[in-house]
Amino acid sequence: MTAPDYYEYRHLVGFEETNLVGNVYYVNYLRWQGRCREMFLLEKAPAVLADIRDDLKLFTLKVDCEFFAEITAFDELSIRMRLADLTQTQVAFTFDYVRVAPDGGEYLVARGQQRVACMRGPNTDTRPTRVPEPLRLALAPYAVAATASSLTGTTTVG
């Protein structure tokens, strides 16, 4: 069995994440992107967390989410993060929000993305910096096809 091409964060929706109508309030999808990214760093790139405690800053430049279906309290979600783009100083992620039904069925309920810039320096003089090597290495298994080829130096035709 091959490993999935995504990093997965599992989440059980709680009442506090829903609105008066009973469906999940949109801002929670963005929170879950951040939580997924944080858990990825904790599990797959702990050296980057140490770097963040020192001087590295990960600035979120752009975030969005497109909704396909409603979810409610006690729905189980699989938030699946992939690497969409990697430049010298920035990283772009995609997120699939998949509802996992009690019978094991999976349903795509939303899709999101975000772009992050790596920065260093004091808050009054923060400047772009290269994506740390431990982060590049940790992200490599989760790259979509076009990004994977740029990481390995190969070209994908198709």
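Residues numbered from 1 in each chain as written. Predicted model: local features only at pLDDT ≥ 70, side-chain atom pairs only at ≥ 80, totals over all residues. Heavy atoms only, no water.

Peer 1: Describe the confidence of the model for the chain, and please don't skip the residues or the numbers.
Peer 2: Here the chain averages 90 in pLDDT, and 90% of its residues register 70 or above. Predicted confidence is poor over residues 146–158, with pLDDT under 50, and the contacts of this stretch with residues over four places away or in other chains come to 13 contacts. (pLDDT = per-residue confidence, 0-100. Contact = heavy atoms within 4.5 Å.)

Peer 1: I'd like a description of the side chain of serine 78, backed by residues and values.
Peer 2: Residue placement: serine 78 occurs in strand β3 (residues 76–86). Note on serine 78: relative accessible area 0%, which makes it buried. Separated by 2.8 Å, the side chains of serine 78 and arginine 80 make a polar contact. If we skip the residues at most four places from it in the chain, serine 78 touches Glu8, Tyr9, Arg10, Asp96, Tyr97, Val98 and Val100. (Helix = DSSP H or I, 4+ residues; strand = E, 2+ residues; numbered from the N terminus. Buried < 20%, exposed > 50% of the residue type's maximum accessible area, 1.4 Å probe, protein only. Polar contact = N/O pair within 3.5 Å; in protein donor to acceptor, adjacent residues only side chain to side chain.)

Peer 1: Give me the pattern of salt bridges: which residues, what numbers.
Peer 2: Scanning the model with the defined rule gives twelve salt bridges in all. Between arginine 80 and glutamate 106 there is a salt bridge, with its nearest N and O atoms 2.8 Å apart. Residue arginine 80 is located in strand β3, and its partner glutamate 106 is located in strand β5 (residues 106–120); the two are separated by 26 residues in the primary sequence. By relative accessible area, arginine 80 is classed as buried at 9%. Connected through shared salt-bridge partners, Glu8, Arg10, Glu76, Arg80 and Glu106 make up one network. (Salt bridge = Lys/Arg side-chain N within 4 Å of Asp/Glu carboxyl O.)

Peer 1: Lay out the packing of helix α1 (residues 27–44) against helix α2 (residues 46–54) with the relevant residues and their values.
Peer 2: Between two packed helices, both the angle of their axes relative to each other and the distance between the axes serve to describe the pair. Two numbers describe how α1 lies on α2: the axes approach to 5 Å, and their chain directions differ by 110°. In terms of orientation, α1 and α2 fall into the roughly perpendicular class. Here Leu41, Leu42, Glu43 and Lys44 of α1 lie close against α2, whose contacting residues are Pro46, Val48, Leu49 and Ile52. Class assignment of the residues belonging to the contact of α1 with α2 gives a composition of six nonpolar, no polar and two charged. (Axes fitted to C-alpha atoms, helices over the stretch in contact; angles between N-to-C directions. Parallel < 35°, antiparallel > 145°, perpendicular 65-115°, else oblique. Nonpolar A, V, L, I, M, F, W, Y, C, P; charged D, E, K, R; others polar.)

Peer 1: A description of a nonpolar patch on the surface should follow, citing residues and the corresponding values.
Peer 2: The grouping of Leu12, Phe15 and Phe74 at the surface amounts to a nonpolar patch, some 370 Å² of accessible area in total. Leucine 12 gets classed as exposed once you look at its relative accessible area, which sits at 51%. (Patch = residues over 30% accessible without salt bridge, like charges linked within 9 Å, V, L, I, M, F, W, Y side chains within 5 Å. Areas by Shrake-Rupley, 256 points an atom, 1.4 Å probe, with all protein chains shown as cover.)

Peer 1: Talk me through the packing of aromatic side chains; I want residue IDs and the actual numbers.
Peer 2: Counted under the stated rule, the structure contains nine aromatic pairs. Here the aromatic rings of phenylalanine 15 and phenylalanine 74 are separated by 5.0 Å at their centres, their planes lie at 85°, and the arrangement is edge-to-face. Residue phenylalanine 15 is found in the loop between β1 (7–12) and α1, and its partner phenylalanine 74 is found in the loop between β2 (57–67) and β3; the two are separated by 59 residues along the sequence. When its relative accessible area of 59% is taken as the criterion, phenylalanine 15 is described as exposed. (Phe/Tyr/Trp six-rings, centres within 6.5 Å; stacked < 30°, edge-to-face > 60°.)

Peer 1: Describe α1, listing the residues and the values that go with them.
Peer 2: For α1, with 18 residues, the first-to-last C-alpha span of 26 Å sits near the 26 Å given by 1.5 Å per residue. Listed in full, the buried residues belonging to α1 are Asn28, Tyr29, Trp32, Gln33, Gly34, Cys36, Arg37, Met39, Phe40 and Leu41. (Expected span 1.5 Å × (residues − 1).)

Peer 1: Can you break down the environment of glutamate 16 residue by residue, with the values?
Peer 2: Checked against the element boundaries, glutamate 16 lands in the loop between β1 and α1. Classification of glutamate 16 by relative accessible area gives exposed; the value is 68%. In this structure, the C-alpha to C-alpha distance between glutamate 16 and alanine 73, residues 57 residues apart in sequence, is 8.4 Å.

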